[in-house]
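Notes for the structure review
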Amino acid sequence: MSAALTRKNRRSAFAALAIVAGMIALGFASVPLYRIFCQVTGFNGTTQRVEASAAANVQPVGRVITVRFDANTSPDLPWRFEPEENTDRVAIGARKMAFYRAENLTNRPVTGTASFNVTPLEAGAYFSKIQCFCFTEQTLQPGQSVRMPVTYFVDPEILNDPDIGDVEEITLSYTFYPVDDDAS
């Protein structure tokens, strides 16, 4: 085999390895990048996260909207999980706090984490959470029951969106999943 052909084969092998490495890196980066994209745009019902200081500048407007609270658990997570109130009437722009309750139904510690979404999906860009328990591992001891707060507001900018501005109800839905394999 000639030296030129050997160099060409090496270059091709390095290029192929670089492409494979790039694809693997993109695979690992896609989940956090997708999460960031959804948080910025409200895509797929992803709510906005805001700091309490930024939320202090939001003023309530006269219009009231109903926020419905939904709670689900994976079949692999032996918890009871539910909102304390099913609905709340909220002035758009006003800060509100809702509570969910979770209870470990087993005789061993179990760790779970919650994901969330908002419907209608377009409302995700205007549903702003100041504090929540989502994406934080929660370990409940045997039989332990906890209250978990969510502080939120509906951004008054929703009223300027012709696609969603006349919505009368927004649903905030959480689903808890087991973190460790021992939860089943």
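Scroll up a little and you will see the structure.
Summarised in this report is the structure supplied together with it. (Residues numbered from 1 in each chain as written. Predicted model: local features only at pLDDT ≥ 70, side-chain atom pairs only at ≥ 80, totals over all residues. Heavy atoms only, no water.)

A word on unusual backbone geometry. Along the chain, threonine 119 connects to proline 120 via a cis peptide bond; the corresponding omega equals -5 degrees. Here proline 120 lies in the loop between β6 (110-119) and β7 (127-131). (Helix = DSSP H or I, 4+ residues; strand = E, 2+ residues; numbered from the N terminus.)

As for its position among the elements, threonine 106 is in the loop between β5 (96-104) and β6. Residue contacts for threonine 106: discarding those within four places in its chain leaves Pro78, Pro142 and Gly143. (Contact = heavy atoms within 4.5 Å.)

Take the state of the cysteines next. What the rule picks out here adds up to one disulfide. One disulfide in the model links cysteine 132 with cysteine 134; its S-S distance is 2.2 Å. Between cysteine 132 and cysteine 134, the disulfide has an S-S torsion of -40 degrees and is therefore left-handed. An identical accessibility class is assigned to cysteine 132 and cysteine 134; each is buried. (Disulfide = S-S within 2.5 Å. Buried < 20%, exposed > 50% of the residue type's maximum accessible area, 1.4 Å probe, protein only.)

Let us now look at the side chain of threonine 171. Within the secondary structure, threonine 171 sits in strand β10 (residues 169-178). A residue is classified by how much of its surface remains accessible, and threonine 171, at 8% relative accessible area, is buried. Within polar-contact distance, the side chain of threonine 171 engages the side chain of arginine 68 at 3.4 Å. Residue contacts for threonine 171: discarding those within four places in its chain leaves Arg68, Asp70, Asn117, Val118 and Thr119. (Polar contact = N/O pair within 3.5 Å; in protein donor to acceptor, adjacent residues only side chain to side chain.)

Time to look at the sheet that holds β10. Spatially, five strands are ordered β4-β2-β10-β6-β8 in an open sheet, and the strand pairing comes out mixed. Both edges of this open sheet fall to β4 (87-91) and β8 (138-140), since each of them pairs with a single strand only. The mean inter-strand angle of the sheet, taken between neighbouring strand axes irrespective of direction, is 30 degrees. In this structure, β6 lies alongside β10, joined through eight bridges in antiparallel fashion. The partner of asparagine 117 across the bridge, within β10, is serine 173. (Pairing = 2+ DSSP bridges. Axes fitted to C-alpha atoms, helices over the stretch in contact; angles between N-to-C directions.)

The next subject is the packing of aromatic side chains. Counted by the stated rule, this structure contains twelve aromatic pairs. Note on phenylalanine 69 and tyrosine 152: the rings are 6.1 Å apart at their centroids and 70 degrees apart in plane angle, and the pair reads as edge-to-face. A residue pair is termed long-range when its members are at least 10 positions apart, and phenylalanine 69 in strand β2 (residues 64-73) and tyrosine 152 in strand β9 (residues 145-154) qualify at 83 residues. Comparing phenylalanine 69 with tyrosine 152, the two get one shared label, buried. On the numbers, 6.1 Å between centres and 85 degrees between planes, the contact of phenylalanine 81 with phenylalanine 133 is edge-to-face. Linking phenylalanine 81 in strand β3 (residues 79-83) with phenylalanine 133 in the loop between β7 and β8, this pair joins segments that are 52 residues apart in sequence. In this structure phenylalanine 133 comes out as buried when scored by relative accessible area, which is 4%. Cation over ring: lysine 129 sits above phenylalanine 116, and NZ or CZ is 3.1 Å from the ring centre. Directly above the ring of phenylalanine 99 sits arginine 147, whose terminal nitrogen or CZ lies 3.9 Å from the centroid. (Phe/Tyr/Trp six-rings, centres within 6.5 Å; stacked < 30°, edge-to-face > 60°. Lys NZ or Arg CZ within 6 Å of the ring centre and 35° of its normal.)

Moving on: the pairing of β3. Side chains Trp79, Phe81 and Pro83 of β3 all project onto a buried face; the interleaved residues Arg80 and Glu82 project onto a face where none is buried. Examined bridge by bridge, β3 and β5 share five bridges and lie antiparallel to one another. Bridge assignment links glutamate 82 to a residue of β5, and that residue is arginine 101.

The next thing to look at is the environment of asparagine 104. Relative to the helices and strands, asparagine 104 resides in strand β5. The sequence separation of asparagine 104 and serine 145 amounts to 41 residues, and the corresponding C-alpha distance is 6.5 Å. Within the structure, asparagine 104 has its side chain in polar contact with the backbone oxygen of arginine 108 (distance 2.8 Å). Only 2.9 Å separates the side chain of asparagine 104 from the backbone oxygen of leucine 140, close enough to count as a polar contact.

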